[in-house]
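Coordinates in review
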Amino acid sequence: DAGVTQSPTHLIKTRGQQVTLRCSPKSGHDTVSWYQQALGQGPQFIFQYYEEEERQRGNFPDRFSGHQFPNYSSELNVNALLLGDSALYLCASSPAGEAETQYFGPGTRLLVL
Amino acid sequence: GIQVEQSPPDLILQEGANSTLRCNFSDSVNNLQWFHQNPWGQLINLFYIPSGTKQNGRLSATTVATERYSLLYISSSQTTDSGVYFCAVEQGYNTDKLIFGTGTRLQVFP
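The residue numbers shown here count from 1 along each chain, following its written sequence. In the order they appear in the text, chains get letters beginning with A and ligands get numbers beginning with 1. Where local features are concerned, this predicted model is filtered to residues with pLDDT of at least 70; where side-chain atom pairs are given and counted, the filter is 80 or more; whole-chain, interface and lining totals use all residues. Only hydrogens and water are removed before side-chain values are computed, so all heavy atoms of the structure are retained for them.

This part takes up the overall build of chain A. The numbering of helices and of strands both runs from the N terminus, where a helix is a DSSP run of H or I of at least 4 residues and a strand a run of E of at least 2. Counting its regular elements, chain A contains 0 helices and 11 strands. Across chain A, helices and strands are ordered from the amino to the carboxyl terminus as β-β-β-β-β-β-β-β-β-β-β. For 113 residues, the compact-globule estimate of 2.2 N^0.38 gives 13 Å, and chain A sits close to it at 13 Å. Counting only C-alpha atoms, chain A reaches 40 × 25 × 25 Å along its principal axes. Think of it in three bands: residues with accessible area under 20% of the maximum for their type are buried, residues over 50% are exposed, and the middle band is partly exposed, with areas taken using a 1.4 Å probe on protein chains only. When each of the 113 residues of chain A is scored for burial, the buried share is 50%. Summarising the internal contacts of chain A: among those between residues at least 6 apart in sequence, 51% fall at separations of at least 24. In these tables, accessible area is a Shrake-Rupley quantity obtained with a 1.4 Å probe, and a residue counts as shielded only by the protein chains included in the view. Per element, the accessible surface of chain A, about 5,300 Å² overall, is 49% carbon and sulfur. Distance between charge centroids for chain A: 13 Å, based on 8 positive and 11 negative side chains. For a compact globule the rule gives 2.2 Å times the number of residues to the power 0.38, and the radius of gyration it is set against comes from C-alpha atoms. Contacts were defined at the residue level, with two residues in contact if any of their heavy atoms lie within 4.5 Å. Neither His nor the chain ends is counted toward charge; the positive residues are Lys and Arg and the negative residues Asp and Glu. Where a charge lies is defined by one atom per residue type: Lys uses NZ, Arg uses CZ, Asp uses CG and Glu uses CD.

In a beta sheet, neighbouring strands are held together by backbone hydrogen bonds and run either parallel or antiparallel to one another. Residues and elements named next belong to chain A. Between any two strands, at least two bridges found by DSSP are needed for them to pair. Sheet architecture is open: 4 strands sit in the order 1-3-8-7, paired in antiparallel fashion. On the outer flanks of this sheet lie strand 1 (5–7) and strand 7 (64–68), each paired with one strand and no other. Going from strand to strand, the sheet's axes swing by 20 degrees on average, the running direction of each strand aside. Only the stretch in contact is used when a helix axis is fitted, and all axes are lines through C-alpha atoms; the angle between N-to-C directions ranges over 0 to 180 degrees.

All names here are of chain A. Criterion for a salt bridge: a side-chain nitrogen of Lys or Arg within 4 Å of a carboxyl oxygen of Asp or Glu. Evaluated as defined, the whole model comprises 4 salt bridges over all chains. Residue Glu75 is joined to Arg22 by a salt bridge in which the shortest nitrogen-to-oxygen separation is 3.4 Å. Of this pair, Glu75 sits in strand 8 (residues 74–78) while Arg22 is found in strand 3 (residues 19–24), placing the two residues 53 residues apart along the sequence. You can call Glu75 buried: its relative accessible area is 17%. Residue Arg63 is joined to Asp85 by a salt bridge in which the shortest nitrogen-to-oxygen separation is 2.9 Å. Taken together, the positions of Arg63 in the loop between strand 6 (53–57) and strand 7 and Asp85 in the loop between strand 8 and strand 9 (87–94) put the pair 22 residues apart, joining distant regions of the chain. Of the two residues examined, Arg63 and Asp85, each falls in the buried class.

So far we have only geometry, and geometry alone does not tell us how the molecule works.
If you want it as structure tokens, here you go:
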């Protein structure tokens, strides 16, 4: 079992561009959550997908959007990138309703110049 | 919203020392977890501990839900314990949405 995988590992973009980050959940997990972790801070919840729908959302603007595919993998899209979007983006997966068994991926480090 | 604060923010230890990390939360929670984030950014779940005490090797954790705090104990620290320790809470039931604390950065020197 490969656990939670994310791609790419690192990414450099310029302001105004768009980016897509990808996440494959751990086998048997159907819920995917995305978190943003700015330097020196704790992760902040962006949104969560279950059954291909956004189940709940944190305090992030509409520039942040996502998608979940039938195989439970997920994408995070960020439009009109700002310098402040530079962060580590973490994906976590779990069986529905079992946050205590949430596994985190290694993250994607995004740098916006 | 709920506030999750951790102390101390930074901790420097020599190998073999013991330490206690604290997590205070401002409202009742249904779930509390402790994570270790290694220097490469990987978050590892250490404990699921909404109440009571658990031990796993040199690590143990205690949550007193009625007083809204949790403690993580690290005994006989090793250099591999270095990293950032986060507590995270879940409000509501089966939301799977974790609210992370401010973190404690631990550095263990040989």
